[in-house]
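For reference, the chains in residue letters:
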Amino acid sequence: MSERQVLADSVYEAAKAMVMDHRIRPGARVGIESLARTLRVSPTPVREALARLESDGLVTKRSLAGYRATELLTAQGLEELFEMRMLLEPRAAALAAEHATDAQLDAIEGLAEEMRGEPESGEHFAVFREFVALDQRFHDTLAQAAARPLLADAVERLHAHLHLFRVGSIPGAGPQTLAEHDRILRAVLRRSPERAAEAMTEHLTRSLERQRTRRTSQDS
């Protein structure tokens, strides 16, 4: 990897952490020059980072107005996000059980195992960043194994995990997530489309319940 790419990636990760930790507040303007000064880099890698964050759905760019951090998920936004996931991901899991290659099965299994060694919560995004990334990759790789490129692209474009963890991690949810992933994985490895879809539906249902509980506790 080139030195330039290493710099671009580090600036992207630093800027993403600032958005995830609300050091760049939801809805706030993100100035390229000021962010470059904060990170002690030139404006070029900052522009590249913001373009990547835009594709992640963490910032938006408006003509003549520059970049702004996106707002946090509302209660309605949370429900709509999971509605989309419920439409897409159980079907993707079922198709993956039918079509996944051995290499894809190995990759999905490896991601599930990697997650066990990562903390799922913490005061700052840097603490649980790898858990979030592996969680997203588990779902994305499963969708890619469905052998339906449009379906996989739709799942990936939701960037569900970034939006959910941006609201905050849920202490203690890691073991539940891992157990639910294991049930999905076992169904896919057994080439059982019905069980894979059921396991994914159960995972998403429980994940939504955890998010609703967290939101209720924050509002009380």
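Up top you'll find the structure we're talking about.
Keep in mind that this is a model prediction, so the values were computed, not measured.

Topic: the environment of His159
One can find His159 in the loop between α7 (149-158) and α8 (160-167). Through-space distance from the C-alpha of His159 to that of Arg23 is 20 Å; in sequence the pair is 136 residues apart. Apart from residues lying up to four places away in sequence, His159 is in contact with Ser55, Asp56 and Gln136.

Quick word on the nonpolar core
Counting residues in each nonpolar core, the largest one holds 33 residues, and the members touching the most others are Leu142, Leu151 and Ile184. Counting only elements with at least two residues in this core, the list comes to α4 (75-99), α5 (102-115), α6 (125-144), α7, α8, α9 (174-189) and α10 (193-219). Not counting residues within four places of it along the chain, the set of residues in contact with Ile184 comprises Phe138, Leu142, Ala199, Met200 and His203. Ala15, Val19, Leu134 and Leu178 belong to the second largest nonpolar core, which has 29 residues in total.

Structural notes on unusual backbone geometry
Unusually for a residue other than glycine, His22 sits at a positive phi of about 65 degrees. Within the secondary structure, His22 sits in the loop between α1 (3-20) and β1 (29-30). Taking the relative accessible area as the measure of exposure, His22 reaches 30% and is therefore partly exposed. We note that His159 has phi near 45 degrees; this positive angle belongs to a residue other than glycine. With a relative accessible area of 14%, His159 lands in the buried category.

Quick look at the sheet that holds β1
Strand order in the open sheet made by the three strands is β1-β3-β2, with antiparallel pairing throughout. Edge positions in the open sheet fall to β1 and β2 (59-62), since each of these has one partner strand only. As defined by bridge partners, β1 adjoins strand β3 (residues 66-69) across two bridges and the pair is classed as antiparallel. Within β3, the residue paired with Arg29 across the bridge is Arg68.

Thresholds applied
- Residues numbered from 1 in each chain as written.
- Predicted model: local features only at pLDDT ≥ 70, side-chain atom pairs only at ≥ 80, totals over all residues.
- Heavy atoms only, no water.
- Helix = DSSP H or I, 4+ residues; strand = E, 2+ residues; numbered from the N terminus.
- Contact = heavy atoms within 4.5 Å.
- Core = buried A, V, L, I, M, F, W, Y, C linked by side-chain atoms within 4.5 Å.
- Buried < 20%, exposed > 50% of the residue type's maximum accessible area, 1.4 Å probe, protein only.
- Pairing = 2+ DSSP bridges.

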